[in-house]
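Chain by chain, the residues run as shown.
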Amino acid sequence: MNSNELFSNDTVNLEVLHQRAFNFRWAAVEDGVIPLTAADPDFPVAEPIVNAIKAYSDKGYFSYAPAEGLMEFKTAIQRWYLTQHNSTISSDKILPLNSAANGLYIVASALLSPNDEVLIPNPVDFLFRKSVENAGGKVVPCMFDAETGWFNLDELKAKCTDKTKALFICNPNNPSGKAIVKEQLNELIEFCKLHDLWLVSDEIWIDIYFNNQLTSVLNEDLVTYSKKIVVSGLSKNFGLAGLRIGYVICQNNDHFDLILKHSHHQTTAGGISSLSQIAGTAALNESLFWLESFRQHLTKMKRITEDFIHEMPFLELVPSEATYVIFPKIVNCSMDSAALVELILREAKVALVPGGRNWFESASEGHLRICFSTSEAVLTEAFNRIRSIQHLIH
Ligand SMILES: Cc1ncc(COP(=O)(O)O)c(C=O)c1O
């Protein structure tokens, strides 16, 4: 199948999505509402993933998996980072776990003691604040310019105290879709080295780019540093959010042991299911063709979304280079983002995500987030509905 067939209007099965797609999506909104909310694709996953799950299930055994993760999945991640991200990592320093969200929580609890401070980007996904606060830490938001995709290094330096233990980055950034380029990643690594900080990079979006490949913090061309940690997963690149597949990559055995200890995998109180790891292996080893087609489709959906934003007098495009969310500024409008999103939901029956501290930190106020990982038909219908009520927005 070519990309048009894999991501055509007909492939979006709304009947199934209405039953299964929760978290602010089809199964969680009122009938008739189009959710362009949580970043989760509307398309069925790649066929090799479905086949691998069937083949594994056919044998009828679902025994305990190893605490450190299934070797075949760890090897698949290792290969993925080598072939897609120019990064040589060893499989014994990869810990598969139950989602990237879980990875952020585990890493925060492993690295932080109560009242330790963590520098985080502003804006960024709410999971950053939640995971740090859950570990008893304190977040220190630092401006991440949604236009330039860059921090202010002077601000980072000024906010770094003797309590600061880590810099968490989101590369590329949710919600702004901005990626941090090589030279700037090197500056951040040098900054962390100088202040002896952990550098935790959430790279769950790194495979969703449009023109240029993005740079992992583990890329061979970057400055080396043992306190780098990557958190990632397969919810975004392969649409496997419901299987809760994530992983953490460390730089040495002591750091791996620390993360493993805090994961509670060894007591079986935590862990990732074997079936999820089988699915993840098939995704990384056999489904690159699907991801490539998905990127092609998303390129088209992004253009449609940008055209729509240009047309709407109350929105101003903030250009992005990655992710399938877009984060326009609200302009010429007296409503704050929550009120505007509420009006659009009520009058146009389209659900969007507002900016604001609860979602993406304080700098996200005055923006809204649109997810465009759906079919052209669904996206066009959603935008037509908003067009038809735009006279109510001022
Ligand atoms: C930056 C970021 N990290 C983590 C997650 C959560 O991923 P997972 O589904 O693996 O928990 C998301 C989901 O939107 C995200 O945007």
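Because the structure is a prediction, the values reported are computed rather than measured. (Residues numbered from 1 in each chain as written. Predicted model: local features only at pLDDT ≥ 70, side-chain atom pairs only at ≥ 80, totals over all residues. Heavy atoms only, no water.)

1. Considering the pattern of salt bridges
Oppositely charged side chains can pair when the atoms bearing their charge come close.
So, step 1. In total, this model carries 18 salt bridges according to the counting rule given.
So, step 2. A salt bridge links Asp 92 to Lys 93; its shortest N-O distance comes to 3.2 Å.
So, step 3. Owing to a relative accessible area of 38%, Asp 92 belongs among the partly exposed residues under this scheme.
So, step 4. Two residues, Glu 321 and Lys 178, come together in a salt bridge whose shortest N-O distance is 3.3 Å. With a gap of 143 residues between them, Glu 321 in the loop between strand 10 (315-316) and strand 11 (325-326) and Lys 178 in the loop between strand 6 (164-170) and helix 8 (182-195) connect regions that are remote in the sequence.
So, step 5. Assessed through its relative accessible area of 28%, Glu 321 is described here as partly exposed.
So, step 6. Assessed through its relative accessible area of 9%, Lys 178 is described here as buried.
So, step 7. Each member of the salt-bridge network shares a partner with another, and the members are Arg 25, Asp 40 and Asp 42. (Salt bridge = Lys/Arg side-chain N within 4 Å of Asp/Glu carboxyl O. Buried < 20%, exposed > 50% of the residue type's maximum accessible area, 1.4 Å probe, protein only. Helix = DSSP H or I, 4+ residues; strand = E, 2+ residues; numbered from the N terminus.)

2. A short note on the domain arrangement of the chain
You'll often see interface size given as the accessible area lost when the parts meet.
So, step 1. Each assigned domain of the chain is listed here: domain 1 (3-46 + 288-389) and domain 2 (54-286).
So, step 2. Computed over C-alpha atoms, the centres of domain 1 and domain 2 are 25 Å apart.
So, step 3. Tallying the contact residues gives 33 residues for domain 1 and 37 residues for domain 2.
So, step 4. Connecting domain 1 to domain 2 are 17 residue pairs in polar contact (both at pLDDT 80 or more).
So, step 5. Contributing elements (two or more residues each) for the side of domain 1 that touches domain 2: helix 11 (288-311) and helix 13 (357-360). (Domains from an automatic or database assignment. Contact = heavy atoms within 4.5 Å. Polar contact = N/O pair within 3.5 Å; in protein donor to acceptor, adjacent residues only side chain to side chain.)

3. Observations concerning the packing of helix 11 against helix 14 (residues 376-388)
So, step 1. Two elements in contact, helix 11 and helix 14, have axes whose closest approach is 11 Å; the angle formed by their N-to-C orientations is 5°. Considering the angle they form, helix 11 stands roughly parallel to helix 14. Contacts between helix 11 and helix 14 involve His 297, Lys 300, Met 301, Ile 304, Thr 305, Phe 308 and Glu 311 from the former and Glu 376, Leu 379, Phe 383, Ile 386 and Arg 387 from the latter.
So, step 2. Taken together, the residues of the contact of helix 11 with helix 14 sort by class into six nonpolar, two polar and four charged. (Axes fitted to C-alpha atoms, helices over the stretch in contact; angles between N-to-C directions. Parallel < 35°, antiparallel > 145°, perpendicular 65-115°, else oblique. Nonpolar A, V, L, I, M, F, W, Y, C, P; charged D, E, K, R; others polar.)

4. Focus on the side chain of His 85
So, step 1. For His 85, the position within the fold is in helix 4 (residues 71-85).
So, step 2. For His 85, a relative accessible area of 3% puts it in the buried group.
So, step 3. What His 85 contacts, discounting residues up to four positions off in sequence, is Trp 80, Ile 206, Asp 207, Leu 214, Ser 216 and Asn 219.

5. With respect to unusual backbone geometry
Glycine aside, residues mostly have negative phi angles, and peptide bonds mostly take the trans form.
So, step 1. Cis rather than trans, the peptide bond between Asn 122 and Pro 123 has omega equal to 15°.
So, step 2. Structurally, the position occupied by Pro 123 is in the loop between strand 3 (117-122) and helix 6 (126-134).
So, step 3. The omega angle of the peptide bond from Asn 174 to Pro 175 is 25°, so this bond is cis rather than trans.
So, step 4. Among the secondary structure elements, Pro 175 is positioned in the loop between strand 6 and helix 8.

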